[in-house]
Structures are given as C-alpha cells and as structure tokens.
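# Structural characterization, general
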Amino acid sequence: MRPAWPAIGLVALLTAAGCGGSSSGGAAAQTTPTASATAPADPAAATAQITTTWQTLFHTGTKPAVALTLLENGDSLRGAIRIATKIQRQQKVTEDAKVSKVTFTSPTTATVNYELLSHGQALLPNATGQAVLQNGVWKVSQSTFCTLVQLGAGGTKVPGC
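Every value quoted in this text rests on a predicted model; they were computed, and no experiment measured them.

In the predicted model, the chain carries a mean pLDDT of 80, and the fraction of residues at 70 or more is 78%. Across the chain, the secondary-structure element scoring lowest on mean pLDDT is helix α1 (residues 11-17), at 32, and the one scoring highest is strand β5 (residues 137-140), at 98. In this model, residues 31-35 is a region of pLDDT below 50 whose contacts with residues beyond four sequence positions or in other chains number 9 contacts.

Shown next, in the form of structure tokens:
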C-alpha cells in the first residue's frame, strides 16, 4: 500500500537548509494570551482544532481527500497535493508535525509554530505558518502549504499556489 498523504518531501529542504536534529515527545500546543479582540471566542478549543489540523495534514497516512479539507481553499490545491505526493514518494519521507505554539492574530487567523518530522527527526525545526478559520473550520493557510510544497519542489511553480 503506497503512502496516501501529500507530504512535501522535506528531505530536499533539509539538505538545502542544512537543518537537522531530533525531537523529543510531544508537548501540548500553547496559546499565547491575547486580548478578546484578537482571539476567537474559545481560544483553547481553537488551539486544539489547529493542532489537530496540523498533525493530520502533515501525517503521511492522511488521504488526499482529507488533506484537501484541512487546507484553506483546498479545492484549488489538488495539483499541489499531487506534486507533494510525488515528492514524498521520491524522497521516501515519512512525515509528521508537532505544534509547539499557537498565537491568535485575529478571531480568524493564527500564527502556528511547529516542526516537521520524518522518522522522528526534525526536517524543518522552528517553522512558522498560518492557520485560518474558513467556513467554521481551522485550516492550514494556502500560503503556508504552497510555500512548503514549492520549497520541496525546488522552487518550481506549483498548481493552485
């Protein structure tokens, strides 16, 4: 059975960026205290949903159809998903994400600090991305996903990005 998730083949990023290291067990995501005008009504629930979204999207076993539901404007990213899946197969990457912090910048946007892992090794440590609330669901922003796929694809233009 071939891996189904559209991982982004970050082995290429690891080599290009000279990053590496290991990760220890998963700490729960932290929410930065914010004023009510810059946070959703329930920051703890939003943080939990964002963390779950990140972990599911960037997990090797997630099916492309599910991944599309976790991405902002997912329907427009089918081509990017195909490219990410191809890169993952070529690079033999097994991918997971660990969210370390969520900071709300508005009731519908958040900055997410995370790292991408392959076989427990940090491929992209101390990464920062964006989460957006779209149709009542917290999703990985299109710009965050596209940046990662384009980097994995060596800067090549990616459909939908």
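Picking up after the structure, the text goes on.
Attention now goes to the pattern of salt bridges. Once the charged atoms of two side chains with opposite charge are near each other, the side chains can pair. Under the defined criterion, the tally for this structure stands at 2 salt bridges. A salt bridge links R78 to D75; the nearest nitrogen and oxygen atoms lie 3.4 Å apart. Salt-bridge contacts for K98 lead to E115; the nearest nitrogen and oxygen are separated by 3.8 Å. Within this pair, whereas K98 is found in strand β2 (residues 95-106), its partner E115 is found in strand β3 (residues 109-118), the two being separated by 17 residues in sequence. With respect to burial, K98 and E115 carry one shared label: buried.

Right, let's talk about the packing of aromatic side chains for a bit. Applying the stated criterion across every chain yields a total of 4 aromatic pairs. Consider the rings of W54 and F58, whose centres lie 6.2 Å apart with planes at 50°: the pair is tilted. Across the pair, exposure class does not vary: W54 and F58 are buried alike. Connected via pairs of aromatic rings, a cluster forms that spans W54, F58 and Y114.

In terms of nonpolar packing, the biggest core is built from 32 residues, with I50, W54, L57, F58, F104, Y114 and F145 touching the most fellow members. Elements with a contribution of two residues or more to this core: α2 (43-57), α3 (64-69), α4 (78-91), β2, β3, β4 (121-134), β5 and α5 (142-152).

Our focus in this paragraph is the pairing of β4. Note that β3 and β4 share 9 bridges and pair antiparallel. Paired with T109 across the strands is V132, a residue of β4. Bridge count for β4 against β5 is 4 bridges, and the pairing is antiparallel. Counterpart to V132 in the pairing with β5 is K139. The hairpin turn running from β4 into β5, its antiparallel successor, is 2 residues long, and N135 in that turn takes a positive phi close to 55°.

The next thing to look at is the state of the cysteines. Within this structure, the stated rule accounts for 1 disulfide. Between the sulfur atoms of C146 and its disulfide partner C161 the distance amounts to 2.0 Å. The sign of the S-S torsion, about -80°, decides the handedness of the disulfide formed by C146 and C161: left-handed. With C146 in helix α5 and C161 in the segment after α5, this pair connects stretches of sequence that are 15 residues apart. Judged by relative accessible area, which is 27%, C161 ranks as partly exposed.

Looking now at α5. All buried positions along α5 are accounted for by Q142, T144, F145, C146, L148, V149 and G152. Downstream of α5 by a residue or two, G154 has a phi angle that is positive, lying close to 70°.

With that settled, the discussion passes to α4. Since the α-helix turns once every 3.6 residues, residues separated by three or four places project in the same direction. If you check α4, its first and last C-alpha atoms are 20 Å apart, about what 14 residues at 1.5 Å a residue would give, namely 20 Å. Those residues of α4 lying buried are G79, A80, I81, A84, T85, I87 and Q88. One or two positions beyond α4, positive phi appears at K92, with a value near 55°.

Conventions adopted
Residues numbered from 1 in each chain as written. Predicted model: local features only at pLDDT ≥ 70, side-chain atom pairs only at ≥ 80, totals over all residues. Heavy atoms only, no water. pLDDT = per-residue confidence, 0-100. Helix = DSSP H or I, 4+ residues; strand = E, 2+ residues; numbered from the N terminus. Contact = heavy atoms within 4.5 Å. Salt bridge = Lys/Arg side-chain N within 4 Å of Asp/Glu carboxyl O. Buried < 20%, exposed > 50% of the residue type's maximum accessible area, 1.4 Å probe, protein only. Phe/Tyr/Trp six-rings, centres within 6.5 Å; stacked < 30°, edge-to-face > 60°. Core = buried A, V, L, I, M, F, W, Y, C linked by side-chain atoms within 4.5 Å. Pairing = 2+ DSSP bridges. Disulfide = S-S within 2.5 Å. Expected span 1.5 Å × (residues − 1).

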